[in-house]
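The primary structure of each chain is shown beneath.
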Amino acid sequence: MKGKVYFIGAGPGDPELLTLKAKRLLEAADLVIYTGSLLGVGLVARARPTAVVRDSAELYLEQIVAMMVEAARRGQLVARLHSGDPTVFGAIHEQLVALERAGVPFEIVPGVSSVFAAAAALGAELTVPEVAQTVILTRTEGRTPMPPGEQLEALARHGATMALYLSAALIGKAARALMAGYPADTPAAVVADASMPSQRIVTGPLSEIAERARSAGIKAQAMVLVGRALDPEIRRTEAGRRSRLYDPGFSHSFRRGATTHE
Ligand SMILES: C[S@@+](CC[C@H](N)C(=O)[O-])C[C@H]1O[C@@H](n2cnc3c(N)ncnc32)[C@H](O)[C@@H]1O
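Predicted model only: the values in this text are computed from it and were never measured.

Caption draft 1: Representation of the overall build of the protein. In terms of helices and strands, the protein carries 9 helices and 12 strands. In the protein, buried positions account for 44% of the 262 residues. Within the protein, residue pairs in contact and separated by at least 24 positions form 64% of the contacts whose partners lie at least 6 positions apart. Roughly 13800 Å² of accessible area belongs to the protein as shown, and the carbon and sulfur atoms make up 55% of that amount.

Written out as structure tokens, the structure reads:
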């Protein structure tokens, strides 16, 4: 464990959504660098009293990398905490590249991404059989340009369940773009501070969601979800939506039924 940098997913906010591995590494770390803009200080209170704890919001990439490299070369355990899961909008790529160049070993420890905390808060499945079997994780274009082919208008044409990170402040722009593909009455939701005591939920048709989120004063730390899978009406028409996995006539390697299926 020593002499290594761990990129740790700290989950969406609820401390109970920290994985056991994340907790163990955080409690053993010599250097903890955390994303203070997104993670509460309550989390880093778990670090050892002797650990050096730094908020990455005060640091440039080069400073963060230099601290991590120096600590790892001294044989220390470095916990680099990111909100949710580090591999989704975690800005870890540039850090991994720098560590690789420096010859410092690293490991990524997955966490519960905010998209899953938001779905849980809504009590919804993102992949309802025969309604949506694809989830698109994306964002609204802000200062970071979208690569060609990834404009929301184009992605919306799939009609899949869509999760927008980093988009609460741009929700009007996002909703307008999404209506190029989704019908205006497609169910949408904004979940702010998912999994935290301050959690708030706003729901409505896509055409109204921006106004409702604005009226509720939601501007940041929110997940925008769009798609027919969120429609409460599909619960009332359960018969056509049930998954084959638990169908009595569906066999698989763990259960024999009337028919077999891969
Ligand atoms: C820099 S990204 C980090 C995403 C993170 N890696 C993840 O997997 O959730 C920050 C965005 O994640 C979303 N987010 C993070 N925590 C959230 C939470 N507790 N509730 C709702 N959205 C959250 C928001 O869209 C926010 O703008």
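Don't stop here, the text continues.
Caption draft 2: Structural detail: the side chain of Asp-30. Note on placement: Asp-30 falls in the loop between α1 (20-28) and β2 (31-34). The exposure class of Asp-30 is buried, given its relative accessible area of 14%. At 2.9 Å, the side chain of Asp-30 forms a polar contact with the side chain of Lys-2. Polar contacts involving the side chain of Asp-30 include one to the main-chain amide nitrogen of Leu-77, which spans 2.7 Å.

Caption draft 3: Molecular detail of the site of the ligand. Near the ligand you find 18 residues, and of these Pro-12, Val-88, Ser-113, Ser-114 and Ala-222 are the closest. Protein coverage of the free-state accessible area of the ligand, which is 570 Å², stands at 92%. Its residues placed into classes, the shell around the ligand shows 11 nonpolar, 5 polar and 2 charged. Among the domains, domain 1 (4-109) and domain 2 (114-239) are the pair contributing at least three residues each to the shell around the ligand.

Caption draft 4: Structural context of the sheet that holds strand β5 (residues 106-109). Across the sheet, which stays open at both edges, the 5 strands sit in the order β3-β2-β4-β1-β5 with parallel pairing between neighbours. Each edge of the open sheet is held by one strand with a lone partner, namely β3 (52-55) and β5. Shown here is a sheet whose adjacent strand axes are inclined to one another by a mean of 15°, direction ignored. Pairing analysis gives 4 bridges linking β2 to strand β4 (residues 77-82), with the strands arranged parallel. Residue Val-32 lies in a different strand from β4, and its bridge partner there is Ala-79. Where helix α3 (residues 61-73) meets the sheet, it contacts β1 (4-9), β2, β3 and β4, and its direction lies at approximately 160° from that of β2.

Caption draft 5: Geometry of the packing of aromatic side chains. Scanning all chains against the criterion turns up 2 aromatic pairs. Pairing Phe-89 with Tyr-165 gives two aromatic rings, centres 5.2 Å apart and planes at 50°, and the pair type is tilted. Here Phe-89 is found in the loop between β4 and α4 (93-102), whereas its partner Tyr-165 is found in strand β7 (residues 161-165), with 76 residues between them in sequence. Overall, the relative accessible area of 41% leaves Phe-89 in the partly exposed class.

Caption draft 6: Spotlight on the pattern of salt bridges. In the structure shown here, the tally under the stated rule is 10 salt bridges. Put simply, Asp-30 and Lys-2 hold a salt bridge, and the shortest N to O gap is 2.9 Å. Here Asp-30 is found in the loop between α1 and β2, whereas its partner Lys-2 is found in the segment before β1, with 28 residues between them in sequence. Lys-4 is the salt-bridge partner of Glu-107, the closest N and O atoms lying 2.8 Å from each other. Highlighted residues: Glu-107 in strand β5 and Lys-4 in strand β1, separated in sequence by 103 residues. Several salt bridges share partner residues, and in doing so they unite Lys-2, Asp-30 and Arg-48 into one network.

So, how was this worked out
- Residues numbered from 1 in each chain as written.
- Predicted model: local features only at pLDDT ≥ 70, side-chain atom pairs only at ≥ 80, totals over all residues.
- Heavy atoms only, no water.
- Helix = DSSP H or I, 4+ residues; strand = E, 2+ residues; numbered from the N terminus.
- Buried < 20%, exposed > 50% of the residue type's maximum accessible area, 1.4 Å probe, protein only.
- Contact = heavy atoms within 4.5 Å.
- Areas by Shrake-Rupley, 256 points an atom, 1.4 Å probe, with all protein chains shown as cover.
- Polar contact = N/O pair within 3.5 Å; in protein donor to acceptor, adjacent residues only side chain to side chain.
- Near = heavy atom within 4 Å.
- Nonpolar A, V, L, I, M, F, W, Y, C, P; charged D, E, K, R; others polar.
- Domains from an automatic or database assignment.
- Pairing = 2+ DSSP bridges.
- Axes fitted to C-alpha atoms, helices over the stretch in contact; angles between N-to-C directions.
- Phe/Tyr/Trp six-rings, centres within 6.5 Å; stacked < 30°, edge-to-face > 60°.
- Salt bridge = Lys/Arg side-chain N within 4 Å of Asp/Glu carboxyl O.

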